[in-house]
Amino acid sequence: MDSPMCLVENADGELHVVPGAIKYLMGLNQQVVVVAVVGLYRTGKSYLMNKLAGKRQGFALGATIQSKTKGIWMWCVPHPEKRDHTLVLLDTEGLGDVEKGDSKNDAWIFSLAILLSSTLVYNSRGTIDNQAVENLQYVSELTERIKVNSSSAASSSHDDEEAGDAQFVQFFPNFVWTIRDFTLLLEIDGRNVTEDEYLEHSLELRKGGGKKNLMYNLPRECIRNYFPSRKCFVFPTPTTPANMPHLDSMDEADLCGSFRKVADTFCRFIFQESRTKTVKGGHKVTGRMLGHLVKTYVETIAKGSVPCLENAVLAMAQIENQAAVDEGQVVYQRGMEEVKALFPVDMGQISAHHLRSDHQTTQAFMKRSFKDENGDFLKALAVAIAKHYADLLIQNEDASEKKCVALLEKLSAPMAQKIKEGIYATPGGYELYCSHHDNMVAQYRAEPDKGVRAEEILEQFLRDKSLEKNSILQADKKLTENEKKIHEEQEKRAMAEQAVKMEAEKQHQLEKLIQERERSHQEGICQLETKMVQEAKEKQHELERALDSKLREQENLMAKGFTEKEAAMKEEIQSLREKGEEKEEQSRNFRAIAQGVMESVSNGLGHYFNYKKAREQCKALVFKEQVRFNLKSGAVGNIPDKEGMTLKQDKTATPKLETGAVGNSKDTTLPKVNTGTTSKSPGSEV
């Protein structure tokens, strides 16, 4: 992004997202570190953002008493230290603008800055005195502006206030206070202190009751309890008052050396310490996900409702998880294109491509999905992939059938011509027929790449030719009746052997599918377990960060003698720990999810098995009808001899399947079984 663009527009006191900015974020797939700056107007916030962007100009600085930044402006730049991360800088409208005169509007902008950022920079001028802290009044209103859990939205404000501190610290950004034009010495009671010690001293609580002390402590307690870490930078005046209006056009070398030193330290801290933006549950946020959050939060505020972290994350998870399912299907389809172009292929080839593509699909899904706690979207993907694979298996079988039928038609054409010419209708014709027949079968078997139905189609072909073969056998006057019976027995054994080969082919395919399912199941469990372990780690890290903050605060309260507050803090810590145990228990159900996914895969492959079953039923029905027709007609065809006379085929022989003109003396086309694939999609009802 070459220059900043408006992300949230503030027009006539109403907030609206800017479509162009949302579109930009939606195209940003890198994880983001989001730094937002808030503070009173005309305090130099934009200068800090430009400095972080590494540019002299970008966010409008302005040189008058009027506020230049309206709404929230965004600048996305490559992160200078985190590889494959984008640094998103948010410059917010100045708080307390006299021209605006709407503190409610300020409160929402302040809340949005907290909701969207991983580091919040509060910029002020002068010193951290009571007035400076009171200017942060918006922090004490956050329980009215932000809800953590969806249940909180329906609960009483009293319940929220009790749970708010412990919840906020888990999800709020780190807090950095930058003090501009600082002219005092960093001393407390004659002792030199660091900038951070100066901040902590300014945030110390007063003992005792009374409204005055309560009002004094309220914003300080909120800062201490809501933000997991605090940091302070004090900036001296960068140049002379006369040059201040021209700050954006001045060379760095012309600025005060001590100012430049603090500015460099500030930038280095932000680059190194600002963490990747996360949402409730510890999941890292990409630019695309940030776009969803901005849209959800702003639209919620525009409706007059209170933004809820949990609802926003759930809404985003629905969108992202569905997108992960869609992306996974694209990955699978792209991975199977190569083998699809080679159809027909054997089961080993299509199986290898399926397993590889399925693995890549699951990886792509796991990378993008989050909070798919019951595995519903993973199951949806598994079903879609299983159905797509089933369709490919059917297409591969159809391609195999088409190729095998065409090959057998080609190889049997010379024999069909000899039958027409009566070559086999002579003494010794059966032996010649068998020789040509065996040679044709050998040629068929020698042909490579016939696919998964090679033996099944050959079995159908041989079964259809058996009547023709038997007719020639019975008509051969060279053979005795005993020899004919021997040949009949040999033919039966040959057909039985072919049936065994066909069943072996089917069994091999079934075993491959079972092996695939088991291997895919094991890989799926491993990937799912890895994913859930990672999510559990993210949640644990989120919890530990909150606990660490609370334990530090508890220690401080104990040291200062705030007994009641220390006791309340202890309860919050215990509550956080209990929630951590609940999350750990929830993360153990991955095997149940994996089992559900496997059931979904089985249901998806049922599409394929239903198709095969329907095809077999259809074939049986066609065969039954043909037998009925042949028996009713009393004849099954004749074979001409050399003199044009005809030899009657034996009516007692096994009837042939004549779904095309297979076995007919004038046509040797293999049977075309109507599976419904011409007019309906594979797997549709036959």
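Values in this document were obtained by computation on a predicted structure and should not be read as measured data.

### Here's the deal with helix α16 (residues 454-475)
(1) Moving on: Across its 22 residues, α16 extends 31 Å between first and last C-alpha, which sits within 8% of the 32 Å expected from 1.5 Å per residue.
(2) Moving on: Its maximal kink placed at Ser 466, α16 deviates by approximately 35 degrees.
(3) Moving on: Summarising burial for α16: 19 of the 22 residues are buried, a large majority.

### Some remarks on the packing of aromatic side chains
(1) Moving on: Under the counting rule described, the total for this entry stands at 16 aromatic pairs.
(2) Moving on: With a centroid separation of 5.7 Å and an interplanar angle of 45 degrees, the aromatic rings of Tyr 47 and Phe 259 are classed as tilted. Taken together, the residues Tyr 47 in helix α2 (residues 45-53) and Phe 259 in helix α10 (residues 257-273) connect sequence positions 212 residues apart.
(3) Moving on: The exposure class of Tyr 47 is buried, given its relative accessible area of 8%.
(4) Moving on: Note on Phe 172 and Tyr 226: the rings are 6.0 Å apart at their centroids and 75 degrees apart in plane angle, and the pair reads as edge-to-face. In this pair, Phe 172 is assigned in the loop between α7 (157-171) and β7 (174-180) and Tyr 226 in helix α9 (residues 211-226), connecting sequence segments 54 residues apart.
(5) Moving on: Overall, Phe 172 belongs to the buried group, its relative accessible area being 2%.

### Details of the confidence of the model for the protein chain
(1) Moving on: Mean pLDDT for the protein chain: 81, with 79% of residues reaching 70 or above.
(2) Moving on: Residue range residues 62-68 is modelled with pLDDT below 50. Its contacts to residues more than four positions away, or to other chains, number 15 contacts.
(3) Moving on: Taken together, the stretch residues 634-686 has pLDDT below 50 and engages in 116 contacts with residues farther than four places along the chain or on a different chain.

### Let's talk about the pairing of strand β4 (residues 72-78)
(1) Moving on: When you tally the buried positions in β4, you get 5 out of 7 residues, the bulk of the element.
(2) Moving on: Inspection of the sheet shows strand β1 (residues 5-11) paired to β4 by 3 bridges, in the antiparallel sense. In the sheet register, Val 8 faces β4, and the bridge partner there is Ile 72.
(3) Moving on: Examined bridge by bridge, β4 and strand β5 (residues 85-92) share 7 bridges and lie antiparallel to one another. Looking at the pairing, Met 74 lines up with Leu 90 of β5.
(4) Moving on: Connecting β4 to the antiparallel partner β5 that follows it, the hairpin turn spans 6 residues, and Asp 84 within it adopts a positive phi of roughly 60 degrees.

### Digging into the pairing of strand β6 (residues 119-125)
Along any regular strand, the residues point their side chains to alternate faces of the sheet.
(1) Moving on: Burial of β6 is extensive: 6 of the 7 residues sit out of reach of the surface.
(2) Moving on: The pairing of strand β3 (residues 31-39) with β6 spans 5 bridges and is parallel. Bridging across to β6, Ala 36 finds its partner in Leu 120.
(3) Moving on: Bridge analysis of β6 against β7 gives 7 bridges, and the strand direction is parallel.

What counts and what doesn't
Residues numbered from 1 in each chain as written. Predicted model: local features only at pLDDT ≥ 70, side-chain atom pairs only at ≥ 80, totals over all residues. Heavy atoms only, no water. Helix = DSSP H or I, 4+ residues; strand = E, 2+ residues; numbered from the N terminus. Expected span 1.5 Å × (residues − 1). Bend = angle between axes of the 7 residues up to and from the residue. Buried < 20%, exposed > 50% of the residue type's maximum accessible area, 1.4 Å probe, protein only. Phe/Tyr/Trp six-rings, centres within 6.5 Å; stacked < 30°, edge-to-face > 60°. pLDDT = per-residue confidence, 0-100. Contact = heavy atoms within 4.5 Å. Pairing = 2+ DSSP bridges.

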